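Commentary on secondary and tertiary structure
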Amino acid sequence: MGSTIGKRLLQLIPVLIGLTLLVYGLMYIAPGDPAAKKLQAQGVAVSEETLKAAREEMGLDRPFIVQYGSWLSGVLRGDLGTSYKDGLPVAAKLLKGLKNTLLLTLASLLLSVAVSLPLGVYTAVRQNRAGDYIIRFLSFVGNSMPNFLISVLLMYFFCIQIKAFPIIAKNSFQGLFLPTLSLSIPMMSRFTRQVRAEVLEELGKPYVAGARARGLKERYVLYKNVLHNTLSAIITIVGLSVGTLLGGSVVVETIFSWPGIGKLAMDSITARDYPVIQGFVMWMAVIFVLINLFTDLAYRRLDPRVELGEGGQ
Amino acid sequence: MKHKKKLSRAAVRRRVWIFLVLAIALAAFAVAAPYLTPNDPNATNSEFMKAAPCAHFPLGTDKLGRCVLSRVMMGARTSIFSSLCVVAASFVFGTALGALCGWYGGALDEIVMRVVDILLAFPQMVLAIAVAGVLGGSLLNAMIAMGITGWTLYARLARSAVMTMKKEPYIAAAKLSGCRTGRLIIRHVLPNIFGPLLVNAATQIGTMMIGIAGLSFLGIGVTPPQAEWGSMINEARAYMQLAPWTVLAPGGAMLITVMIFNYLGDSVRDLLDAGGQNDG
């Protein structure tokens, strides 16, 4: 198992290099000069001379591969560079936001599972009855709603109509509620459908019929056998969804002004603050790969028949 | 996802037809939108700012006095057209590349599959936001950003299907009868792996639509005067307490459109029963 973890972490290296090279390359060819942006932000008059000096200072006059190389060697020494905007170290800025983003993601994940697990089991057991149809239709609607639409509607309802929450999220439980709900609604819709499908499949297996024939209580079969056996599949579903949640968090954090790395990334994109964008992409890749690794390990814990695969998906 | 619901094949086929007709009707409506709008979608009107729905403006106006209904109709064009374009381009590119990798193997296969691994080891939307953000706001850039990861699943599917198919006797027979490789792949291999690829495409449309609208909402998609649902919602949310129709109209249009395309995707999947597909 230790070697599998090592192998997975080694696979991270090409992923990180590939992704950062892609983003770096795009920043290099993209229109918009970060040096000019920086000067404007500082209130310095943008002239030929100041621009040239700033470009030299920021290392933007060097060839692409040299720029990337010096960034990469900095990363290897644990230095992600400093923000163009305020000169603060990128790592510190990201770390500050990371805590909030992880809190938001985790809360959404927990809420989604807490709602969808019972709903999924309920709809599977009551298959093709009224409750099943209603919940399935609602989950379909929830799954077809973009995060930003849900956020805006929730904000309209909770902040403007019934005035239960302030419009700008404070860094508190109250502030966490609406962003979490916005991220969770599509997620719980998707989970409910997937849990339902898994439970239905399990219920159709011969051992369930056998257990019923032996006179075991339906409740016992459902909770002790069926639910236990679907748990590993559900863990995988949850693990795979973290990527979607991280993407959604950028949108939701921006709308609710939640101080996470998603909002930081959007602010940096607007300001063309390249070092922060690079750091953001790198960290996201690390988080995503680590979460997939944990998912696989948990999967194996629950189902010892599974051998950990080579694929890094 | 396996659907255990006992639906007859005829019923599933009927559902595919219903949603296919609805989707085509929507697309046709979107194409015809410029001729159907009640008002000029970009004409501002200082006398009717944030006006409530009335006979002249059936869905009211926004803060510049532009007709919301006309803009929602033009937005359908942007959303549907751009998503279908990205899906079609990803389909063709991914399938072609995957088929070539599966057929020839070797260095090309190795390189392409490593690139696929890298792209799949990252949250799609996060990468799209970074790419679109860095490239700067325009519809084309948003489409590129969504397409960068969009083709990967087709490539994987096509590659593995071609690799298994390569060993089939009928391929050897076609080869022996003097069929050239290009023709062989297009005429004999691709038609047989079309099913799972089509399912992937059908389920991808809704995701793509939400993604492009999300980028526009964030201000890194379409550029302002152009009507697009995501950017309309973003513009209007600042004054939605005064004019809720400016958010509800594009939001409702978006929800209905995505639902129709998602239902279409689901029923195509049920029909072809590809199995083992996961929406990612």
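Residues numbered from 1 in each chain as written. Chains lettered and ligands numbered in written order. Predicted model: local features only at pLDDT ≥ 70, side-chain atom pairs only at ≥ 80, totals over all residues.

So, the overall build of chain B
Helix and strand counts for chain B stand at 11 helices and zero strands. Helices and strands in chain B line up, N terminus first, as α-α-α-α-α-α-α-α-α-α-α. The dimensions of chain B, computed from C-alpha atoms along their principal axes, are 75 × 45 × 35 Å. Residue burial in chain B is summarised as follows: out of 280 residues, 49% are buried. Looking at chain B alone, contacts between residues at least 24 apart form 72% of all its contacts between residues at least 6 apart. (Helix = DSSP H or I, 4+ residues; strand = E, 2+ residues; numbered from the N terminus. Buried ≥ 20, exposed ≤ 12 C-beta atoms within 10 Å, placed from the backbone. Contact = placed C-beta atoms within 7 Å.)

Here's the deal with the overall build of chain A
A tally of regular secondary structure across chain A gives 12 helices and zero strands. The order of α-helices and β-strands along chain A, N terminus first, is α-α-α-α-α-α-α-α-α-α-α-α. Here chain A holds 313 residues, and 38% of them are scored as buried.

Observations concerning unusual backbone geometry
Residue and element names in this part refer to chain A. The backbone phi angle of Asn128 is positive, close to 65 degrees, even though this residue is not glycine. Mapped onto the elements of the fold, Asn128 is located in the loop between α5 (90-125) and α6 (130-143). On the basis of neighbour counts, which here come to 10 C-beta atoms within 10 Å, the residue Asn128 falls in the exposed class. A positive phi angle is found at Arg272, which is not glycine, with a value near 55 degrees.

Examining the interface of chain A and chain B
In this assembly, 45 residues from chain A lie in contact with 43 residues from chain B. Elements with a contribution of two residues or more to the side of chain A that touches chain B: α1 (2-29), α6, α7 (147-161), α8 (173-203), α10 (218-256), α11 (261-271) and α12 (274-302) of chain A. Top element by residues in the side of chain A that touches chain B is α10 of chain A. It accounts for eight residues.

Some words on the confidence of the model for chain A
Looking at chain A as a whole, the pLDDT averages 81, with 93% of positions reaching at least 70. Low pLDDT (under 50) marks residues 309-313 of chain A, which in the prediction has five contacts with non-local residues, meaning those over four places away or in another chain. (pLDDT = per-residue confidence, 0-100.)

Considering the environment of Arg8 of chain A
Residue and element names in this part refer to chain A. Looking at the element boundaries, Arg8 is found in helix α1. What makes Arg8 partly exposed here is the crowd of 18 C-beta atoms within 10 Å. When the C-alpha positions of Arg8 and Ile291 are compared, they lie 11 Å apart, and in sequence the two are 283 residues distant.

Some thoughts on helix α9 (residues 194-217) of chain B
Residue and element names in this part refer to chain B. Given a rise of 1.5 Å per residue, 24 residues ought to cover 34 Å, and the 34 Å separating the end C-alpha atoms of α9 matches this to within 8%. Most of α9 sits out of view: 21 of its 24 residues are buried. Where α9 ends, the next residue or the one after it, Gly219, has phi of about 85 degrees, a positive value. (Expected span 1.5 Å × (residues − 1).)

Details of the packing of helix α4 (residues 124-135) of chain B against α9 of chain B
Residue and element names in this part refer to chain B. Their axes nearest at 11 Å, the elements α4 and α9 cross at an angle of 45 degrees. Our classification of the angle between α4 and α9 gives oblique. Crossing of α4 against α9: the hand is right-handed. Seen from α4, the contacting residues are Met125, Ala128, Ile129 and Ala132; seen from α9, they are Gly211, Gly214 and Leu215. Its residues assigned to classes, the contact of α4 with α9 comprises five nonpolar, two polar and no charged. (Axes fitted to C-alpha atoms, helices over the stretch in contact; angles between N-to-C directions. Parallel < 35°, antiparallel > 145°, perpendicular 65-115°, else oblique. Left-handed = near helix turned anticlockwise from the far one by under 90°. Nonpolar A, V, L, I, M, F, W, Y, C, P; charged D, E, K, R; others polar.)

Some details on the packing of helix α1 (residues 9-36) of chain B against helix α2 (residues 68-104) of chain B
All names here are of chain B. Look at α1 against α2: their axes get within 8 Å of each other, and the N-to-C directions meet at 135 degrees. Our classification of the angle between α1 and α2 gives oblique. Crossing handedness for the pair α1 and α2: left-handed. Counting all contacts with α1, which are made through Leu26, Ala27, Phe29, Ala30, Ala33 and Leu36, the residues of α2 involved are Met73, Met74, Ala76, Arg77, Ile80 and Phe81. Looking at the contact of α1 with α2 residue by residue, the classes come out as 11 nonpolar, no polar and one charged.

Brief notes about the nonpolar core
Counting 146 residues, the largest nonpolar core has Val23, Ile277 and Phe280 of chain A together with Ile129 of chain B as the members making the most contacts within it. Counting residues per element, this core draws most heavily on α10 of chain A, which supplies 13 residues. Those residues within four positions of Val23 of chain A in sequence are excluded, and the remaining contacts are Ile277, Gln278 and Val281 of chain A together with Ala130 and Val134 of chain B. (Core = buried A, V, L, I, M, F, W, Y, C linked by C-beta atoms within 7 Å.)

Thoughts on the environment of Ala11 of chain B
Within the secondary structure, Ala11 of chain B sits in helix α1. Sequence separation between Ala11 of chain B and Leu271 of chain B is 260 residues, and the spatial gap between their C-alpha atoms is 9.5 Å.

What about the confidence of the model for chain B?
All names here are of chain B. Model confidence for chain B is summarised by a mean pLDDT of 82, while 91% of its residues fall at 70 or above. Under a pLDDT of 50 for its full length, residues 1-5 has, in the predicted model, 10 contacts with residues more than four places off or in other chains. ipTM for the predicted complex: 0.83, alongside a pTM of 0.84.

Some thoughts on helix α6 (residues 152-165) of chain B
Residues and elements named next belong to chain B. For α6, built from 14 residues, the straight-helix expectation of 20 Å at 1.5 Å per residue is met to within 8% by its first-to-last C-alpha distance of 20 Å. With 10 of 14 residues buried, α6 lies mostly within the body of the structure. Listing the buried residues of α6 in full gives Thr152, Leu153, Tyr154, Ala155, Arg156, Leu157, Ala158, Arg159, Ala161 and Val162. Looking at the packing, one finds that the buried side of α6 touches α2, α3 (106-120), α5 (139-150), α8 (181-189) and α9.

Considering the environment of Pro196 of chain B
Residues and elements named next belong to chain B. Along the chain, the position of Pro196 falls in helix α9. C-beta crowding within 10 Å serves as the criterion here: with 20 such atoms nearby, Pro196 is assigned to the buried category. The spacing of Pro196 and Arg180 is 16 residues in sequence and 25 Å in space, taken between C-alpha atoms.

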